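Below, each chain spelled out in residue letters.
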Amino acid sequence: MSALIAPSILSADFANLERDLGAIATADYAHVDVMDNHFVPNLTLGLPIFERLVQVSPVPIDAHLMIADPDRWAPGYAEAGAASVTFHAEAATAPVRLARELRRLGSRAGLALRPATSVEPFLDLLPEFDMLLVMTVEPGFGGQSFIEGTLPKIRRIRDAVSEAGLDVWIQVDGGVSRATIERAAEAGANVFVAGSAVYGAENIPEEIAALRALAEGHAH
Ligand SMILES: O=C(CO)[C@@H](O)[C@H](O)COP(=O)(O)O
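What you see is a predicted model, and the numbers here were worked out from it, not measured in a lab.

Cut-offs and rules
- Residues numbered from 1 in each chain as written.
- Predicted model: local features only at pLDDT ≥ 70, side-chain atom pairs only at ≥ 80, totals over all residues.
- Heavy atoms only, no water.
- Salt bridge = Lys/Arg side-chain N within 4 Å of Asp/Glu carboxyl O.
- Buried < 20%, exposed > 50% of the residue type's maximum accessible area, 1.4 Å probe, protein only.
- Helix = DSSP H or I, 4+ residues; strand = E, 2+ residues; numbered from the N terminus.
- Polar contact = N/O pair within 3.5 Å; in protein donor to acceptor, adjacent residues only side chain to side chain.
- Contact = heavy atoms within 4.5 Å.
- Pairing = 2+ DSSP bridges.
- Axes fitted to C-alpha atoms, helices over the stretch in contact; angles between N-to-C directions.
- 1 Å grid on protein atoms, 1.4 Å probe; cavity = no way out; pocket = protein on both sides within 12 Å on 5 of 7 lines; lining within 4 Å.
- Points joined across faces, edges and corners; volume = space filled by probe spheres on them.
- Nonpolar A, V, L, I, M, F, W, Y, C, P; charged D, E, K, R; others polar.

Q: Looking at this structure, how should I read the pattern of salt bridges?
A: Side-chain pairing between opposite charges can occur once the charged atoms of the two side chains come close. In the structure shown here, the tally under the stated rule is eleven salt bridges. In this structure, Arg19 and Asp20 form a salt bridge, with 2.9 Å as the shortest nitrogen-oxygen distance. Classification of Asp20 as buried rests on a relative accessible area of 9%. We note a salt bridge from Glu148 to Arg183, for which the minimum N-O separation is 2.6 Å. Here Glu148 is found in the loop between strand E6 (131-135) and helix H5 (151-164), whereas its partner Arg183 is found in helix H6 (residues 181-187), with 35 residues between them in sequence. Salt bridges sharing common partners tie together Asp13, Arg19 and Asp20.

Here it is, written out as structure tokens:
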């Protein structure tokens, strides 16, 4: 499975989002963090801005909903044209029903886990999802350092996905950089979200290529 790079626009210039989406045209996805100041202590953007981002982005959009009540709000992001919509296991009331609804609307369905959330209760549900997102920092802010203690969870998911013969992607998000991406890839991740590493780089296309090459060296 090849490595996919999804720069997080949380580290972009919010006054120049169209320009900064253009800057990551060589990436596989643009990762858009939706935060509601309830599920996480930060507030970013909602559907009206998201709909415009889908229209102007040169790459498909991967929505990460860090919001309360995703059962109510997530389908709107699929309807807006997100290629992938990921909601949090800790916030959803009926994760399987929601995942099925997202797929019905034409989006990939992702399930996100905070660093302290065990994957065990969700392993039997893997066929319902296209992606599991392992948060490698506490959700809410960019620029934090990668939590090494999440690596066993990535390995556990990779083993379960392989044993079941499924094509479920494993995404990591938080503190992903040239210094950490190989460990995440070696553990089993194949989709890499990077905010500050990409938008803080002097040459963004070069940084995307470097991250991809490092991850590909450990591709599963
Ligand atoms: O979801 C989040 C933060 O909650 C991320 O997508 C951040 O945007 C990642 O930023 P870096 O750790 O890569 O700077």
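Q: Even after reading the chapter, I still don't get the side chain of His31, so can you show me in this structure?
A: Within the secondary structure, His31 is located in strand E2 (residues 30-35). The class of His31 is buried, set by a relative accessible area of 0%. A polar atom in the side chain of His31 sits 3.3 Å from the side chain of Asp173. In this view, His31 contacts Ala6, Pro7, Ser8, Ile9, Asp62, His64, Gln171, Asp173 and Val193; residues no more than four positions away in its chain are not counted.

Q: Is there a simple way to explain the sheet that holds strand E4 (residues 84-88) in this structure?
A: One key point about sheets: their strands pair by backbone hydrogen bonds, in either a parallel or an antiparallel sense. Spatial ordering of the open sheet is given by E1-E8-E7-E6-E5-E4-E3-E2, a layout of eight strands whose pairing is parallel. The sheet terminates laterally at strand E1 (4-7) and E2, the two strands that pair on one side only. On average, each strand axis in the sheet is tilted by 25 degrees relative to the strand beside it, whichever way the strands run. Sheet analysis places strand E5 (residues 108-113) next to E6, joined by four bridges and oriented parallel. Within E6, the residue paired with Leu113 across the bridge is Val134.

Q: I'm lost on the layout of surface pockets in this one. Help?
A: The method is simple in principle: a probe with the dimensions of a water molecule rolls over the atoms, and the space it marks as empty is what remains. Of the pockets and cavities examined, the largest pocket occupies roughly 240 Å³. When residues of the lining of the largest pocket are traced back to their parent elements, those giving at least two are E2, strand E3 (61-66), strand E8 (191-194) and helix H7 (196-199). Among the residues making up the lining of the largest pocket, the classes are represented as eleven nonpolar, twelve polar and two charged.

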